[in-house]
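Geometric and topological summary
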Amino acid sequence: MALLKSLFSGERCCTWMKEHICQGHQGNHLLLQKTHEEEVASSIMCASAKYNTRGPALIPRMKTKHRIYYITLFSIVLLGLIATGMFQFWPHSIESSSDWTVEKRSVHDVPVVKLPADSPIPERGDLSCRMHTCFDVYRCGFNPKNKIKVYIYSLKKYVDEYGMLVSNTISREYNELLTAISDSDFYTDDVNRACLFVPSIDVLNQNTLRIKETAQALAQLSRWDRGTNHLLFNMLPGGPPDYNTALDVPRDRALLAGGGFSTWTYRQGYDVSIPVYSPLSAEVELPERGPSPRRYFILSSQMALHPEYRSDLEALQAENGESVLILDKCTNLSEGVPSVRKRCHKNQVFDYPQVLQEATFCIVLRGARLGQAVLSDVLQAGCVPIVIADSYILPFSEVLDWKRASVVIPEEKMPEMYSILQSIPQRQIEEMQRQKWSSVSNPLFLPLIPPQSQGFTAIVLTYDRVESLFRVITEVSKVPSLSKLLVVWNNQNKNPPEDSLWPKIRVPLKVVKTTENKLSNRFFPYDEIETEAVLAIDDDIIMLTSDELQFGYEVWREFPDRLVGYPGRLHLWDHEMNKWKYESEWTNEVSMVLTGAAFYHKYFNYLYTYKMPGDIKNWVDAHMNCEDIAMNFLVANVTGKAVIKVTPRKKFKCPECTAIDGLSLDQTHMVERSECINKFASVFGTMPLKVVEHRADPVLYKDDFPEKLKSFPNIGSL
């Protein structure tokens, strides 16, 4: 089983990658990866394996065997960040390409930075961070090769006010990790082009750190900004007596690639769980072993286990005889024999990690820390890991499907381990042993189109029009890509209808009752929104067909940083009044789409609620008008891009709405909307709206073909 072998097997890893990835091998290897990530990951591994001379030679380089590990690790960390959401919503700006070089610097002549005792300390890690709340995606842009850019801070020596070193010199492992980054095509020495920032402060091993002073050093970084877009690597978190499962250094919003996360400390969709490095995996050559019966059914090779765990394992061995082998540290080795490469059972000595290849299943049991280096050894040996570590977040678990290559058993079921494993069919065991990386493409060339399977969440803002609301729910529920429907009940004086009265639809329907009647409630980042795409729709928009809504969603998928909507509007400059004017009549141009029916990325809900400039949000709520114009200003200002109008409806009115129950039909409403544009332009300090003269229609919309040949036949006429 070679599942993550490429990550742990040194030169064999490079050879294997050349054969199976770089040359596009199309064998029967299975990719241990979740279905929606089948497009991902490896050209930078091979490109970096060439190992050119770019980048800082901080300390003497390690062996190629070790270096390949870090090149691959960095590649997959980037993959993990992509898969968890960093680049699912990435602006499409184009940058020019050029080459970057890094001045080589010796570790002995780096500048010294003195940290006063009262230096600022970052906040402790923000457990609420997610990509849409703590990551600034607009620092990330395209260059012609569609690669992100990673900046490495220059190496500095931090000392406290007494001149004592804050940490030891940079470790060889962290040096190789930084070198792998600087040798890759994703490195930039231009801090203004960077999407990710990697400090030259080594926090791989918390045992070597002075926690407070290390945090102060991080806060000194020029682009720290509460840790936004900063990536820290840590393999050994915590320390005695508690051994926390995440780095104890206060790091605020920084992303953490950590080697021992638990479900309590892991920020899903933000952090990346990485394997704990094992030097033996890179130093020892093991022959390839295909799926086949092995001498031992279960093997345990870990030393210094907790006495209770070892007692359970010894009982398992006593009950099942020679099919179970429980190894421990050797106490009778000859002088000069390295104990790290030997394991013993009674008086019998075994070579390690070679002995792992003699077993079908190998136990990976938690120690003081959840993450254990033995997982790396087991994977390299082609043994199926039995992971016994409650709450442990397996490496790259948001990208890799561990169920296809491992068995996870709760700690309380250790005595039942043998019977659990015996119940697994032999064919399934062979499939687990056979797992390999297959031919895939670079993770950073993933198409920036959200997966269709995710669908969208429809948010309906309503107050009292129950009959119209129910009709909207019924019509929207017919759209194939609808994932969830969220009703924002904005009436505090009346309860929503009883559950039995609501339309019965095929997707979850959730009603959220607000505490105040505010238009901005429609743009709140509700926890119930689990999809990237949001459809904001008013409770009186009953004229849109299922095809029109589905087509709008497909357009948004191709332009996920745009507002994609149906009713178009325009802003004009009134030369007589010398100010902006709002125009709702039919013209050849459009600069806004109304959010009474529009798709957008959920990230903008966060920006609208927490990052809207000035007093715009409060002004909208006070005047009960212009929340849609405010959203158009916000998106255009952040992205620098125009809206996309879809479908050709000339008029977009509710035929059954009256001036009593239709907010937008009040005459003063239109006058206020011109005032809104002028106020918002003043607050933003610019006019961000972009005017365009085109819309998006289905390809065969005007063609004289049978309706059954068209993907979206039911598109409304003029």
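Relevant structure appears above.
The shown structure was predicted, so the numbers you read here are calculated from the model rather than taken from an experiment.

**Observations concerning the overall build of the chain**
Within the chain one finds 18 helices and 24 strands. In the chain, which comprises 718 residues, the share counted as buried stands at 58%. Nonlocal contacts in the chain, meaning residues at least 24 apart in sequence, comprise 79% of its contacts between residues at least 6 apart. Of the roughly 31,100 Å² of accessible surface on the chain, a fraction of 49% belongs to carbon and sulfur atoms.

**A short note on the packing of helix H15 (residues 603-610) against helix H17 (residues 627-639)**
Interaxial distance between H15 and H17 falls to 11 Å at its minimum, and their mutual angle equals 110°. Viewed along their axes, H15 and H17 adopt a mutual orientation that is roughly perpendicular. Contacts between H15 and H17 involve Phe604, Asn605, Leu607 and Tyr608 from the first element and Glu627, Ala630, Met631, Leu634, Val635, Val638 and Thr639 from the second. Across the contact of H15 with H17, the residue classes tally to eight nonpolar, two polar and one charged.

**Concerning the sheet that holds strand S12 (residues 359-365)**
What holds strands together in a sheet is hydrogen bonding between their backbones, with the strands either parallel or antiparallel. Strand order in the open sheet made by the five strands is S9-S8-S12-S13-S14, with parallel pairing throughout. Each of the sheet's edge strands pairs with one partner strand only, and the pair in question is strand S9 (324-326) and strand S14 (407-408). With three bridges joining them, strand S8 (residues 296-300) and S9 adopt parallel strand pairing. Considered in S9, the bridge of Leu299 is made with Leu325. Lying over the sheet, helix H9 (residues 307-320) contacts S8, S9 and S12, oriented at roughly 145° with respect to S9.

**Section: H9**
Taking 1.5 Å of rise per residue, the 14 residues of H9 would be expected to cover 20 Å, and the 20 Å separating its terminal C-alpha atoms lies within 8% of that figure. Residues of H9 that are buried: Tyr309, Arg310, Leu313, Leu316 and Gln317. Mapping the buried residues of H9 onto a view down its axis gives an arc of 120°, with all of them on the same face. In H9, the exposed residues that point more than 90 degrees away from the buried face are Pro307, Glu308, Ala318 and Glu319. Contacts made by the buried residues of H9 are with S8, S9, strand S10 (342-345), S12 and helix H11 (417-422). Following H9 by one or two positions, Gly321 adopts a phi angle in the positive range, close to 70°.

**Concerning the state of the cysteines**
Under the defined criterion, the tally for this structure stands at four disulfides. With a sulfur-sulfur separation of 2.0 Å, Cys129 is cross-linked through a disulfide to Cys134. The sign of the -80° torsion about the S-S bond sets the Cys129-Cys134 disulfide as left-handed. Note on Cys129: relative accessible area 0%, which makes it buried. Overall, the relative accessible area of 5% leaves Cys134 in the buried class. There is a disulfide in this structure between Cys362 and Cys383, and the S-S distance comes to 2.2 Å. Where Cys362 bonds to Cys383 through sulfur, the torsion about that S-S bond is close to 100°, and the disulfide is right-handed. You can see Cys362 sitting in strand S12 and its partner Cys383 sitting in the loop between helix H10 (374-381) and strand S13 (384-388), a full 21 residues away along the chain. Each member of the pair, Cys362 together with Cys383, is buried.

**Focus on unusual backbone geometry**
The omega torsion of the bond from Pro240 to Pro241 falls at 0°, within 30 degrees of zero and hence cis. Tracing the sequence through the fold places Pro241 in the loop between strand S5 (231-234) and strand S6 (255-258). Following Tyr352, the chain continues to Pro353 via a peptide bond in cis, the omega torsion being 15°. Unusually for a residue other than glycine, Asp252 sits at a positive phi of about 55°.

**Quick notes on the environment of His623**
Following the sequence through the fold, His623 ends up in helix H16 (residues 616-623). With a relative accessible area of 33%, His623 lands in the partly exposed category. Taking the C-alpha atoms as reference points, His623 and Glu672, 49 residues apart in sequence, are found 8.7 Å from one another.

**What about the packing of aromatic side chains?**
With the rule as written, the count across this model stands at 21 aromatic pairs. With centroids separated by 6.4 Å and ring planes inclined at 35°, the aromatic side chains of Tyr603 and Tyr606 adopt a geometry described as tilted. Of this pair, Tyr603 and Tyr606 both sit in helix H15, three residues apart, roughly one helical turn. You can call Tyr603 buried: its relative accessible area is 7%. Every member of this aromatic cluster is reached through a ring pair, and the members are Phe456, Tyr553, Trp556 and Phe599.

**As for the environment of Leu165**
Assignment of secondary structure puts Leu165 in the loop between strand S3 (157-160) and helix H6 (172-183). We classify Leu165 as partly exposed; its relative accessible area is 44%. Distance in space between the C-alpha atoms of Leu165 and Val112 is 9.8 Å, their sequence separation being 53 residues. Apart from residues no more than four positions distant in its own chain, Leu165 is found in contact with Lys157, Tyr158, Val159 and Arg210.

**Thoughts on the nonpolar core**
Counting residues in each nonpolar core, the largest one holds 101 residues, and the members touching the most others are Phe135, Leu299, Ile629, Met631, Phe633 and Phe680. Looking at which element gives the most residues to this core, the answer is H17, with seven residues. What Phe633 contacts, discounting residues up to four positions off in sequence, is Ile677, Phe680, Ala681, Phe684, Met687, Pro688 and Leu689. Judged by nonpolar contacts, the second largest core, of 34 residues, contains Val479, Leu485, Ile537 and Ala597.

About the criteria used
Residues numbered from 1 in each chain as written. Predicted model: local features only at pLDDT ≥ 70, side-chain atom pairs only at ≥ 80, totals over all residues. Heavy atoms only, no water. Helix = DSSP H or I, 4+ residues; strand = E, 2+ residues; numbered from the N terminus. Buried < 20%, exposed > 50% of the residue type's maximum accessible area, 1.4 Å probe, protein only. Contact = heavy atoms within 4.5 Å. Areas by Shrake-Rupley, 256 points an atom, 1.4 Å probe, with all protein chains shown as cover. Axes fitted to C-alpha atoms, helices over the stretch in contact; angles between N-to-C directions. Parallel < 35°, antiparallel > 145°, perpendicular 65-115°, else oblique. Nonpolar A, V, L, I, M, F, W, Y, C, P; charged D, E, K, R; others polar. Pairing = 2+ DSSP bridges. Expected span 1.5 Å × (residues − 1). Arc of directions from axis to C-beta. Disulfide = S-S within 2.5 Å. Phe/Tyr/Trp six-rings, centres within 6.5 Å; stacked < 30°, edge-to-face > 60°. Core = buried A, V, L, I, M, F, W, Y, C linked by side-chain atoms within 4.5 Å.

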